[in-house]
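Now for the letters of each chain:
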Amino acid sequence: MSNPAKPNTERLLKQSHNNMPMGVADNYRYWGEDNTVFVKSSKGCTITDADDQTFVDFRLAYGPIILGYRDSRVDQAVIEVITERGTMSGFSTDLDSEVVELVKSMCPNIEKMRFANSGTEAVLGAVRTARGFTGRNKIVVVEGGFHGLYDEMMWKSDVDNWDSQSAQPPEIAAFGVGIPEASREHLETVPLNDFAAIDEVFTRVGHDIAAIIIEPILGNCGSIASTPEYMQTLRSMCDSNGSLLIMDEVKTGFRVAKGGVQELYGIKADLTTYAKAMGNGYAVAAFGGRADVMDIISFNAKGVTHGGTYTANMIALSAAKATLTILNETDAYGTINNAGAAIQQVLSRVFTKHGIAHKFAGPDAMFGIHFGEAVPTNYRDWKETDSALYTEFAMNLIKHGVMLEPDSREPWFICEAHKDVDLAWLEAVADQSMAEAIAAKSSHE
């Protein structure tokens, strides 16, 4: 159980407020003055905070940890490359092609690839490449997807403040100020699994659509999934219109299957973005796809420019090579999926015991939980779930030693190390946390 008295955390947050806006290095790490977490150490599927409280972690740094924190197989590969070869040179190395060839062996959708340092950079590179290849401007994004923190991709359907009983769609709003209105000029937004909306946007501006970008499984919306029919429609529409299909696999890539979400759907993207699980916590990302599309990247006057000082550094690529080799050559996916399925069974028993209607969404390696009678089919449907009860439940879990994001839009991430979780303990903690959540809800009514 966590300790409500957190003197070291309080001291660190006070110090951090003097040095960083909100006292944190990333807006999403600020959970308020009472709940912001400072991590002291991590190992396997656990993290220990500054006040020596240990949590079983299902947040996994928003998904990068696929094997476990401080996995010795990956860390040793990084140590060796640092010791023997250094960290970066600004030139090419043999690791570049070795990692690409490994990705190609796992992901048939990849013919050529370039590296990046984050999911945001990978998406930016893929979108620029799509525009360069097609000579078009507009990008269609699907509601509920998250495609990084650069201006154009920071326009979102404001479902939080939307009246679901209204006949009007959610307002398209920026993630805060400082984002020019001009940055949304070439952006079109459609709801997930809405065939009529896709028909409408292609009829209206199809001549200028460079690409559709989609997370087929919404990694920031409770793992709500596209239907196979919807994905096939997107593929067909892009083919007939000369547009490109970009699948953002920053979260699903190398997590839900060897070939990512495209293996599950049996549909190939023209361009794909990767990051997170690619390096088990080391900062590495990539985008790639069809060779003819990627070859628009060049130095000539009609080519797309791509680069980055830290791109393809040896720390990143050695971590990616080690992580992907393990995923490709061992039964890590079987272990991860079995652990995820078992954890869902535990949680389902608890929810059923307390009379909570619930549905799970997404694959076992990154499942979402939705309190309601049906699995949401898009972001707007999520609004109908009891997200307030979920947040109360999640905060209680954290209080009792289970770490997760207290927002039902964020999935539960599973890593190989979760095979060692004490399921009886987890069930007891979940039972207590739900009982407390229901009691709190009753007291507020």
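These numbers come from a predicted model, not from an experiment.

What counts, and at which threshold
As a convention, each chain's residues are numbered from 1 in the sequence order in which they are written. Whole-chain, interface and lining totals are the exception, using all residues; otherwise, since this is a predicted model, local features are given only for residues with pLDDT of at least 70 and side-chain atom pairs are given and counted only at 80 or more. To obtain the side-chain values, all non-hydrogen atoms of the structure were included, while hydrogens and water were left out. To pair, rings of Phe, Tyr and Trp, with the six-membered ring standing in for Trp, must have centres within 6.5 Å; the planes then decide the type, stacked if under 30 degrees apart, edge-to-face if over 60, and tilted in the middle. In this text, helices come from DSSP runs of H or I with a minimum length of four residues, and strands from runs of E with a minimum of two, each type numbered from the N-terminal end. For a ring to carry a charge above it, either NZ of a lysine or CZ of an arginine must fall within 6 Å of the ring centroid while also lying within 35 degrees of the normal to the ring plane. Only when DSSP finds a minimum of two bridges between them are two strands counted as paired. Geometry is summarised by axes, namely lines fitted to C-alpha atoms with helices restricted to the contacting stretch, and by angles between N-to-C directions that run from 0 to 180 degrees. Contacts were defined at the residue level, with two residues in contact if any of their heavy atoms lie within 4.5 Å.

Colleague: Would you take a moment to explain the packing of aromatic side chains for this structure?
Modeller: Applying the stated criterion across every chain, the model contains 11 aromatic pairs. Centroid distance Phe-195 to Tyr-230: 5.6 Å. Interplanar angle 80°. Geometry classified as edge-to-face. You can see Phe-195 sitting in helix α5 (residues 195–205) and its partner Tyr-230 sitting in helix α6 (residues 228–241), a full 35 residues away along the chain. Taken together, a centroid distance of 5.8 Å and an interplanar angle of 20° make the contact between Phe-367 and Trp-412 stacked. Of the two residues, Phe-367 sits in strand β14 (residues 366–371) while Trp-412 sits in strand β16 (residues 412–413), which places them 45 residues apart along the sequence. Of the aromatic side chains, those joined through ring pairs into one cluster are Phe-58, Phe-351, Phe-360, Phe-367, Phe-371, Tyr-390, Phe-393 and Trp-412. Taking the ring centre of Tyr-62 as reference, the NZ or CZ of Arg-59 above it sits at 4.3 Å. The ring of Trp-162 has Arg-380 lying over it, and the distance from NZ or CZ to the ring centre is 5.9 Å.

Colleague: Honestly, the sheet that holds strand β5 (residues 138–142) in this entry has me stumped. Any pointers?
Modeller: The mixed open sheet is built from 7 strands, whose spatial order is β4-β12-β11-β10-β9-β5-β8. Of all the strands in the sheet, just β4 (112–116) and β8 (187–190) have a single pairing partner and so form its edges. Neighbour-to-neighbour, the strand axes of the sheet open up by a mean angle of 20°, direction not taken into account. Note: strand β11 (residues 271–274) against strand β12 (residues 285–289), 4 bridges, orientation antiparallel. Residue pairing for β12: Thr-273 is matched across the bridge by Phe-287. Running over the sheet, helix α3 (residues 94–106) touches β4 and β11 and is turned about 120° from β4. Lying over the sheet, α5 contacts β5, β8 and β9 (209–214), oriented at roughly 155° with respect to β8.

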